[in-house]
Amino acid sequence: MIPRPGSTASLRQTNLEAVLRQVRSAGGLVQAEIARRTGLSAATVTNLVRLLAERGQVAVAPTLINGRRSQLVTPLPGDGYILGVDIGRSHIRAQLVDLGHTVAGADHVRLEPGSSSQRGLELTAGLYARLLSDVGIDRSAVRHAGVGLPGPLDRANRQIGAATVLPEWMGQDLEERFAAALSLPVMIDNDANLGALGEYAWPPGREVSSLLYIRLATGVGGGLILNGQLYHGADGTAGEIGHLSLDEVGPLCRCGNRGCLEAIASVPAFLGVLSSALQRPVDVDAWVGLARDGHVTAVRLIEDLARHLGATVANVVNLINPGLVLVGGPIAAVGETLLAPLRAEVRQRAMPAATSRLVIERSRWGDDAEVYGASRLALMAVWDETSTSER
Ligand SMILES: [Zn+2]
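Residues numbered from 1 in each chain as written. Predicted model: local features only at pLDDT ≥ 70, side-chain atom pairs only at ≥ 80, totals over all residues. Heavy atoms only, no water.

K.L.:
How do you make sense of the overall build of the protein chain when you look at a structure like this?
P.N.:
In terms of helices and strands, the protein chain carries 13 helices and 15 strands. Against the globule reference of 21 Å for 391 residues, the protein chain gives a C-alpha radius of gyration of 22 Å, in line with a compact fold. If one aligns the C-alpha atoms of the protein chain with their principal axes, the spans along those axes are about 75 × 50 × 40 Å. Burial status across the protein chain gives 53% buried among its 391 residues. Counting only contacts in the protein chain whose residues sit at least 6 apart along the sequence, the fraction spanning at least 24 positions is 61%. Accessible surface for the protein chain amounts to roughly 17,100 Å². Of this, 50% is attributable to carbon and sulfur atoms. Separation of charge centres in the protein chain, based on 36 positive and 39 negative side chains, amounts to 6 Å. (Helix = DSSP H or I, 4+ residues; strand = E, 2+ residues; numbered from the N terminus. Rg over C-alpha atoms; globule rule 2.2 N^0.38 Å. Buried < 20%, exposed > 50% of the residue type's maximum accessible area, 1.4 Å probe, protein only. Contact = heavy atoms within 4.5 Å. Areas by Shrake-Rupley, 256 points an atom, 1.4 Å probe, with all protein chains shown as cover. Lys, Arg positive; Asp, Glu negative; His and termini not counted. Charge placed at Lys NZ, Arg CZ, Asp CG, Glu CD.)

What follows is the structure, given as structure tokens:
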């Protein structure tokens, strides 16, 4: 469990991370400087540094600064590792990360669309074994895994819900199956939720408290950070921007509804148009490449997608007033061709008061935001285990 927002454990964790981040980014700091940079009191910093030293995350040694005795705090490599995994319709990405957010190794494999969950589990386990060997660490050093999956997740049953792009994986306790395949404790979450988390919380972190992350791929996913916390909603389906309705009598969507953003701005349909125009099969990456080269039809279809997306984002902006809208996933690689008409549409349709300071930009992690978020989820689980065991 993630510490409850506002709880003592949550506050202490936030402060621990702030101290550790300062020490790591500076390479070493005296305690007074940590207090100055974090805004925490000297006594709080002393306690937090002692805890970090007990955990083996920092070393503390006496030093002389301007003739005065002081304690120099230096970072130590994290005690252990976690595994982050991001699974999409046609890819599996994984990374091994130490407890200080340093990525020790990362790799990916192609997942054949339509693969069974068993195939996905085997490929993930193989990727994990290869990463362990490449990085040169033993399996016993890895403490937790976070796994991102496309589509809404039923958090109670830990199953992937209807409207997923992996229908073959439905009806299974995926947390349990991944835990068995990897021989690790596992937490799963929706991939776009993890994209939001990776963008928000991966150091150096975002300077806003609320953001909307959109993952543009074969489907359109969304994740929300509200008041500094990943927001799941009552059943775990919050943020599903692809299934907001744009037209009550519009085309049928795979979720069973009509006129959803995903059904109107349908990426498979756009690819079909482009494929027949070019008389050869075109996938998402090829579409992005053509649009970047200025291919008229490819650009026009990106602009169409941006306008439909903008109409939907404007509603979300009116509802939750985020400080930041980030676009990730493979289609975001097209850059301003998508972002410029998206911004224009949002500004035209949302309330001026909600957009005057709103920033809309591309995900800083490109296609890796989800796997960073998956790693972050696993790191939070390890930190929570640590603080629970100390109570
Ligand atoms: Zn739908």
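From this point, things continue past the structure.
K.L.:
Help me understand helix 4 (residues 117–135) in this model?
P.N.:
Owing to its 3.6 residues per turn, the α-helix aligns residues three or four sequence positions apart on the same side. A rise of 1.5 Å per residue sets the reference length of helix 4, with its 19 residues, at 27 Å; its end C-alpha atoms lie 27 Å apart and thus fit the reference within 8%. Regarding helix 4, the residues found buried are S117, G120, L121, L123, T124, L127, Y128, L131 and L132. Turning to helix 4, the residues buried within the fold contact strand 4 (81–87), strand 5 (91–98), strand 6 (103–110), strand 7 (142–149) and helix 5 (174–182). One or two residues past the end of helix 4 sits G136, with phi positive at roughly 80°. (Expected span 1.5 Å × (residues − 1).)

K.L.:
How should the coordination of the zinc ion be read in this particular structure?
P.N.:
Think of it this way: four donors in a tetrahedron around the metal ideally sit 109.5 degrees apart, and six in an octahedron ideally sit 90 or 180 degrees apart. Taken together, the protein ligands of the zinc ion are H243 (ND1), C253 (SG), C255 (SG) and C260 (SG), with distances of 2.0 to 2.4 Å. What the 4 donor atoms of the zinc ion show is an angle range of 103 to 125° at the metal, which sorts the shape as tetrahedral. Each donor residue of the zinc ion lies on the same chain, and together they follow the pattern H-x9-C-x1-C-x4-C. As far as burial versus exposure is concerned, C253 and C260 are alike and both buried. (Donors = N, O, S within 2.8 Å, 3.2 Å for Na, K, Ca; no water. Tetrahedral: all angles 85-135°; square planar, octahedral: opposite > 155°, others 65-115°.)

K.L.:
What exactly am I supposed to notice about the sheet that holds strand 1 (residues 29–30) here?
P.N.:
One key point about sheets: their strands pair by backbone hydrogen bonds, in either a parallel or an antiparallel sense. A sheet is described by the order of its strands in space; here 3 strands give the open sequence 1-3-2, paired in antiparallel fashion. Here the strands that pair on one side only, and so sit at the sheet edges, are strand 1 and strand 2 (58–65). Two strands pair when backbone bridges link them, and strand 1 and strand 3 (residues 68–75) are joined in this way by 2 bridges, in the antiparallel orientation. Bridged to L29 within strand 3 is V73. Against the sheet, helix 3 (residues 42–54) makes contact with strand 2 and strand 3, and its axis sits at roughly 130° relative to strand 2, the strand it touches most. (Pairing = 2+ DSSP bridges. Axes fitted to C-alpha atoms, helices over the stretch in contact; angles between N-to-C directions.)

K.L.:
What exactly am I supposed to notice about the environment of S70 here?
P.N.:
You can see S70 is positioned in strand 3. Along the sequence, S70 and V60 sit 10 residues apart, while their C-alpha atoms lie 10.0 Å from each other. In this structure, S70 is in contact with V30, A61, P62, T63 and I65, ignoring residues within four places of it in sequence.

K.L.:
Explain the sheet that holds strand 5 to me, please; I cannot follow it from the model alone.
P.N.:
Read across the sheet, 5 strands follow the order 6-5-4-7-10 without closing on themselves; strand pairing throughout is mixed. In this open sheet, the two strands that pair with only one neighbour each are strand 6 and strand 10 (186–190). Each neighbouring strand pair of the sheet contributes to a mean axis angle of 15°, computed without reference to strand direction. By the bridge criterion, 6 bridges tie strand 4 to strand 7 in an arrangement that is parallel. Each residue of the ladder has a partner; that of V85, found in strand 7, is V147. Along the sheet, helix 5 contacts strand 4, strand 7 and strand 10; its crossing angle with strand 10, the most-contacted strand, is approximately 135°. Its contacts with the sheet place helix 6 (residues 191–201) against strand 4, strand 7 and strand 10, and it is angled at close to 100° to strand 10.

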